[in-house]
Amino acid sequence: MEENSTTSHQLVFRGKGTAYFEIQLANWVLTFISLGFYYPWAKANSLRFLYGKTEFAGSRFTFHGTGKEMFLGFIKAIGIFILLYGILMAGVISGSKTGLYIGFGIFYIGFLALIPLAIHGRMRYRMSRTSWRGIHFGYRGELMRLYGLFISNLLLTIITLGIYGSWYTVNLRKEIIGNIRMGNVQFSYEGTGTELFLINLKGILLSVVTLGAYLFAYTRDLHNFYLNNVYLEQDRRFARLSSSVTGWGYFKLIAVNLFIVVFSLGIAAPFATIRTMRFVLQNAELVGDFDADSLLQTEAIYKNATYEDVSDMLDISIV
Amino acid sequence: MTVYEVIYFDGKSSQPHRAQVSLEPGALQITYKAQDGTLPVTVHWQSHRIEKEAYAEAGKTILRYGNYPAQSLEVTVPDFLPALDSYYAAAPLVTQQISLQANRGTSWWWLIILFFLALIPVTYFWVLPAVADFAARQIPPAYEQKLGQTLATQIISESEDSLQTANLRGFARQLNLPAPYPITFTVIRNAEPNAFAVPGGHIVVHQGMFHIIKSPEALAALLGHEYGHLKLRHSLRALFRSLSGYIFISAIIGDVSAITAIIIENANALKSLEYSRSFETEADLLGLQIMQQHQLNPKGMVQLFEQLQAHNQGRSQDLEFISTHPALSSRIRNIQKRIKQNNAFPPPSDSLQYFWQQLQKKRTSEKK
């Protein structure tokens, strides 16, 4: 056993569509009665279920976040968005061209400026409030570094008419994933912009040629590129995620999900979520040198959920 | 005293420890060996601070204890949880579960949910429009006028026909249309027969409209209808209604994927057609009122729509279901229902006839 210490730790999702449907149904009703103010609690319920049903190396993840924590963030997020829309409206109503430009300018710059803040805030909160076998995750990224990266890469992407976008995506992933800790385990992302650029180029060209049929294979390539390049380092021993989704698998997932959601007018969306979770997680495993029993608690507590909902409203999804 | 075999995590490392748990008064007693060959360690968990994992699989119990970082234990003995619950019944465990599974067998929960699911469409189709209308009414007319001014300068960019504008204003003045702000009538050079009202007091009539209108009564009907849109603040109300509808649906559905977003958008668009149809009908009725006030033959409105219908024929199908304006024929039926039969009407006043003739003169000179 010693000479070949390569192990494989399976990720398993044990959530059932019916159970999640019941949770979401209750969430909808309560959100409705409370005129939307239940939203943070609804989200906590949903995340607690989804994390609690995700099993890695035989143990579940735990989401520790509470509706109460997220409610404060929710209120602040609403405040920020009302402010931004207020400025836009004021610009429009002012009637003058300059007023209009200033309103639009502040609105869009405000939105752009919020993105790194939202990513940073959400990563810190989500990671800190997630644990596995009692070992908490953590995010050690620095906000200013993320801003620098975000702005410089955005400019480069604009200058190169979008070509740099692939490198931009990879750089952002490197920064975000590279700052994730799971106790004393350090994450890193090792993909390169060139690889992603080639995947994108191939994907777009073949999708056009095949009238969209290649899109599923393209999505598969992106999915595997994002997951297979995630490495975990634990006391100088390394492991990596390995994902084996197929284009056909993606096709089945998307086609059936579309069917479920459209024909239930959205009511059965929880079943689609469960199918997606199962698809992603059942097809992923951690391979390499990883000792699940020797993780140590290292990360400090962090309970500020301000940007958790800002990122919801910006529709940012990370990892 | 029963002792249960459990897996214990101390919150410092991910090392699973085999531990023995026993139920002691007020606290759970956990005994484990930190490492092989060392002396056993004992920890106590106060029962009322123990948190139970809500979503563990059947037969498995997961408990957590303490603030950051939490300790936890997993038990696969099925009778552990009932024993725990009954032993600490006085100070029960904390759980975050909201699933209906916790209340299974109690059908009233389902009844409440069905009730609220039924309430959602009721709210969407009846309560929400009323709330939106109420909110729209709270906006002072002066504010609406300011908003409309910006819009009007953008919309009325086409060149104005100043002579016809003067004639139309003269005609409209005779109708005496009361409003919280002055209403401006404008004729613009556009051959497409059309007329519209911009919030804040602008009524715009295309030149092409005068090719269609054959009588002063029909023109009065047209102006009365557009005035109805202004007076009843339809633009603002439509804006508030569609906004509130959108916010409502996304609040209910929450964070569902993009597919639903598309459905929502379309559903909402379909409904705003329904809105504008009811608004058109409202405006028709107000137009009729104006005509009655001036002793004008309400058949003028029927004529107006018939002329428009004749114009539309051969151009596009008059599909009631998806058109923004309710099908003209259904509007005609609606008006005819309200017109008292066989009423004799005096001819329009001299002043109305005067401006009507002026408008006609200009049009015929245009033709030449």
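Being a predicted model, the structure only gives us computed values, none of them experimental.

> Would you mind going over the sheet that holds strand β8 (residues 230–234) of chain A with me for this structure?
To summarise the sheet geometry, strands pair through backbone hydrogen bonds and adopt either a parallel or an antiparallel arrangement. All names here are of chain A. Pairing is antiparallel in the closed barrel, where 10 strands are placed in the order β1-β2-β3-β4-β5-β6-β7-β8-β9-β10. On average, adjacent strands in this sheet sit at an angle of 25° to one another, irrespective of strand direction. Those strands touched by helix α2 (residues 39–52) are β1 (7–13), β2 (54–56), β3 (59–63) and β4 (130–132), and its axis lies near 165° from that of β3. With respect to the sheet, helix α4 (residues 97–128) is in contact with β3, β4, β5 (135–139) and β6 (180–182), its orientation differing from that of β5 by roughly 170°.

> What should I look at first to understand the nonpolar core in this one?
Nonpolar side chains in soluble globular proteins tend to be buried together. Counting residues in hydrophobic clusters, the biggest one holds 57 residues, and the most contacted among them are F49(A), W132(A), F137(A), F187(A) and F290(A). Once residues lying within four places of it in the same chain are set aside, the contact partners of F187(A) are F137(A), I177(A), G178(A), I180(A), M182(A), V230(A), Y231(A) and L232(A). Residues L175(B), I213(B), L286(B) and I339(B) belong to the second largest nonpolar core, which totals 41 residues.

> Even after reading the chapter, I still don't get the sheet that holds strand β9 (residues 184–188) of chain B, so can you show me in this structure?
Residue and element names in this part refer to chain B. Within the open sheet, the three strands sit side by side as β9-β11-β10. Their pairing is mixed. The strands lining the two open edges of the sheet, one partner per strand, are β9 and β10 (195–198). When strand polarity is set aside, the average angle formed by the axes of neighbouring strands in this sheet is 20°. Pairing geometry for β9 and strand β11 (residues 202–206), over five bridges, is parallel. Pairing of I188 across the sheet is with H206, part of β11. Across the sheet, helix α4 (residues 162–175) lies against β9 and β11, angled at about 145° from β9, the strand it touches most.

> Looking at this model, I keep getting lost on the interface of chain A and chain B. Mind explaining?
It is common to give the size of an interface as the accessible area lost on bringing the parts into contact. With 48 residues of chain A in contact, the opposing surface of chain B contributes 45 residues. A combined buried area of about 4000 Å² lies between chain A and chain B, and 67% of that area is made up of carbon and sulfur atoms. Between the two partners, chain A and chain B, sit two salt bridges. For R60(A), the salt bridge goes to E57(B), with nearest N and O atoms at 3.4 Å. Where chain A meets chain B, there are 12 residue pairs in polar contact (both at pLDDT 80 or more). Only α1 (17–33), α2, β3, α3 (67–94), β5 and α9 (247–263) of chain A provide two or more residues apiece to the side of chain A that touches chain B. Tallying contributions element by element places α1(A) first for the side of chain A that touches chain B, with 11 residues.

> Whenever I open this one, the UniProt feature "transmembrane region" (unreviewed entry) in chain A confuses me. Can you help?
When the UniProt feature table is mapped onto this chain, "transmembrane region" (unreviewed entry) is found at residues 20–41, 70–93, 99–119, 146–167, 197–217 and 250–272 of chain A. Measuring from the first to the last C-alpha atom of residues 20–41 of chain A gives 15 Å, for a span that is 77% helix and 0% strand.

> Can you walk me through the pairing of β8(A) in this structure?
In regular strands, side chains alternate between the two faces of the sheet. Residue and element names in this part refer to chain A. Within β8, four of the five residues are buried, which leaves the element mostly enclosed by the surrounding structure. Here four bridges tie strand β7 (residues 185–189) to β8, and the two strands are oriented antiparallel to one another. The residue bridging Y189 from the neighbouring strand is V230, located in β8. Relative to strand β9 (residues 237–243), β8 runs antiparallel, the two sharing four bridges. Within β9, the position partnered with Q234 by the bridge is R237.

Calculation rules
- Residues numbered from 1 in each chain as written.
- Chains lettered and ligands numbered in written order.
- Predicted model: local features only at pLDDT ≥ 70, side-chain atom pairs only at ≥ 80, totals over all residues.
- Heavy atoms only, no water.
- Pairing = 2+ DSSP bridges.
- Helix = DSSP H or I, 4+ residues; strand = E, 2+ residues; numbered from the N terminus.
- Axes fitted to C-alpha atoms, helices over the stretch in contact; angles between N-to-C directions.
- Contact = heavy atoms within 4.5 Å.
- Core = buried A, V, L, I, M, F, W, Y, C linked by side-chain atoms within 4.5 Å.
- Buried < 20%, exposed > 50% of the residue type's maximum accessible area, 1.4 Å probe, protein only.
- Buried area = accessible area lost by both parts, 1.4 Å probe.
- Salt bridge = Lys/Arg side-chain N within 4 Å of Asp/Glu carboxyl O.
- Polar contact = N/O pair within 3.5 Å; in protein donor to acceptor, adjacent residues only side chain to side chain.
- UniProt positions renumbered as here; feature names shortened; annotations may be inferred.

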